[in-house]
Amino acid sequence: MERSEFIEHLSKQLLDKKSISVRVIGHGAYGKSRWAREIADCLGSQVDLLETDPDIASADHRQLVVPKDFPGQKVRASIPIVHELKSLERDILALQKGVSILTINEPWSPSTVLDGRKPILIVEEMSASFLPDDLFDLTIVCFTDDKTELSRRLARDTKERHRDATFIEKTHQIRRQQYSSLFRASHSKKQIS
């Protein structure tokens, strides 16, 4: 099944539900954000899309994300303590109960109001990985092979995030092992019936 066919098929199944919360998580540089936005675009006015990147790296823990050998770089996503999980879980529960929320304001993601009356909630990115499974009706885990992930990460992170290529290469396998063990060990598989 082609990507566009799969997204259309999934969107139709989601629209058939009275109310559903979906989590999209997976390896870095997979394209989770793009994928979640494509699903949301198919669903139109029926969906809230909560991007969790702004919930990473609270000020209290920033020193934990800077490697000693690469002081200009950060490792954030795979370190649970740097995710603002209590606020994120509170926001998800509010949306699920029909209460609207105001998202966190960041330069790359301006603050916006998410409407709690919408029947479909899609939560994407790494922060969602550390939340309880039972908070979601469906979890979509995106995997890619080692070479593809490294190639995408190098292309994206050096250009868009101004990361050092040597740092990306040196930390790639560690990051990949953390993601793989996190996704395989802690997330149950749920299907839409």
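This text follows the structure it describes.
Cut-offs used in this document
- Residues numbered from 1 in each chain as written.
- Predicted model: local features only at pLDDT ≥ 70, side-chain atom pairs only at ≥ 80, totals over all residues.
- Heavy atoms only, no water.
- Helix = DSSP H or I, 4+ residues; strand = E, 2+ residues; numbered from the N terminus.
- Buried < 20%, exposed > 50% of the residue type's maximum accessible area, 1.4 Å probe, protein only.
- Contact = heavy atoms within 4.5 Å.
- Areas by Shrake-Rupley, 256 points an atom, 1.4 Å probe, with all protein chains shown as cover.
- Pairing = 2+ DSSP bridges.
- Phe/Tyr/Trp six-rings, centres within 6.5 Å; stacked < 30°, edge-to-face > 60°.

### Section: the overall build of the protein chain
Part 1 of the reasoning: Check the secondary structure of the protein chain and you find five helices and six strands.
Part 2 of the reasoning: For the protein chain, the sequential pattern of α-helices and β-strands runs α-β-α-β-α-β-β-β-β-α-α.
Part 3 of the reasoning: Going through the 193 residues of the protein chain one by one, you find that 46% of them count as buried.
Part 4 of the reasoning: Taking as baseline every contact in the protein chain between residues at least 6 positions apart, the subset at least 24 positions apart corresponds to 75%.
Part 5 of the reasoning: Counting only carbon and sulfur atoms, one obtains 51% of the accessible surface of the protein chain, whose full area is about 10,700 Å².

### Thoughts on the pairing of strand S6 (residues 138-142)
Part 1 of the reasoning: Summarising burial for S6: four of the five residues are buried, a large majority.
Part 2 of the reasoning: Here strand S1 (residues 20-26) runs beside S6; their pairing, made up of five bridges, is parallel. Directly across from Val24, in S6, lies its bridge partner Ile140.

### Details of the packing of aromatic side chains
Part 1 of the reasoning: What the rule picks out here adds up to one aromatic pair.
Part 2 of the reasoning: Taken together, a centroid distance of 5.8 Å and an interplanar angle of 25 degrees make the contact between Phe6 and Trp35 stacked. Of this pair, Phe6 sits in helix H1 (residues 3-15) while Trp35 sits in helix H2 (residues 32-43), placing them 29 residues apart in sequence.

Limitation: the analysis is restricted to geometry and does not speak to function.
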